Amino acid sequence: MKYRVIVCADTGEIVPSYEFYLQTEHWRHLRNVKRLLGNCEHCGHPIIHEFDVHHLHYKTIGAEAVTDLMLLHPACHSIMHGLPIARRTRGAGFTPVSVFAEAIGIRVGAW
Ligand SMILES: [Zn+2]
Ligand SMILES: [Zn+2]
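This one's a predicted model, so the numbers in the text were calculated from it and none came from an experiment.

## Some thoughts on the overall build of the protein
Move 1: Broken down by element type, the protein carries four helices and four strands.
Move 2: Reading the secondary structure of the protein in the N-to-C direction produces β-β-α-α-β-β-α-α.
Move 3: Looking at the 111 residues of the protein, the share that counts as buried comes to 25%.
Move 4: Considering only contacts within the protein whose residues lie at least 6 apart along the sequence, 47% involve residues at least 24 apart.

Structure below.
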């Protein structure tokens, strides 16, 4: 799925890759909706500040249901992907490179 065009069903935005997808109004809105869940779906503790939204799969990208996504602490997200927490950018979620690697199914734990 390298450089696959993604169409956002609700906003009509069309982007050339997952990296651009993460900048769309559609994704921003969806993240905020998912945030309302309140608790991390990995550890069960409340989300206080930073959070990540993880795709369980990419079959519905652009038209995801909230059940296609997981609300996670950034650290819990790292654990789920098998990434060492210390290597993550502090408080910033995934770097664009690792986000893109995730989109195309590459694990980046071996940096
Ligand atoms: Zn957590
Ligand atoms: Zn993820």
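## With respect to the environment of asparagine 32
Move 1: Locating asparagine 32 in the fold gives a position in helix H2 (residues 25-35).
Move 2: Measuring from C-alpha to C-alpha, the distance between asparagine 32 and valine 53 comes to 9.5 Å, with 21 residues separating the pair along the chain.

## What to know about helix H3 (residues 74-81)
Move 1: Among the residues of H3, those classed as buried are Pro74, Cys76, His77 and Ser78.
Move 2: Looking at the residues trailing H3, positive phi occurs at glycine 82, about 70 degrees.

## Notes on H2
Move 1: Looking only at H2, the buried set comprises His26, Trp27, Leu30 and Lys34. Looking down the long axis of H2, one finds its buried residues gathered within 90 degrees of arc, a one-sided arrangement. Turned more than 90 degrees from where H2 packs its buried face, Glu25, Arg28, Asn32 and Arg35 sit exposed.
Move 2: Buried residues along H2 sit against helix H1 (18-21), strand S3 (52-55) and strand S4 (69-72).

## Describing the nonpolar core
Move 1: By size, the foremost hydrophobic cluster in this structure holds seven residues: Cys40, Ile47, Val53, Leu69, Leu71, Leu72 and Cys76.
Move 2: A per-element tally of this core places S4 first, with three residues.
Move 3: Leaving out residues up to four positions away in the same chain, leucine 71 has contacts with Lys34, Arg35, Leu37, Cys40, Glu41, Ile47, Phe51 and Val53.
Move 4: Judged by nonpolar contacts, the second largest core, of six residues, contains Ile6, Tyr21, Leu30 and Ile61.

## A short note on the confidence of the model for the protein
Move 1: Of the residues in the protein, 73% have a pLDDT of 70 or more, and the chain-wide mean is 83.
Move 2: pLDDT under 50 marks residues 88-95. Its contacts with residues more than four places away, or in other chains, come to 10 contacts.

How each quantity is defined
Residues numbered from 1 in each chain as written. Chains lettered and ligands numbered in written order. Predicted model: local features only at pLDDT ≥ 70, side-chain atom pairs only at ≥ 80, totals over all residues. Helix = DSSP H or I, 4+ residues; strand = E, 2+ residues; numbered from the N terminus. Buried ≥ 20, exposed ≤ 12 C-beta atoms within 10 Å, placed from the backbone. Contact = placed C-beta atoms within 7 Å. Arc of directions from axis to C-beta. Core = buried A, V, L, I, M, F, W, Y, C linked by C-beta atoms within 7 Å. pLDDT = per-residue confidence, 0-100.

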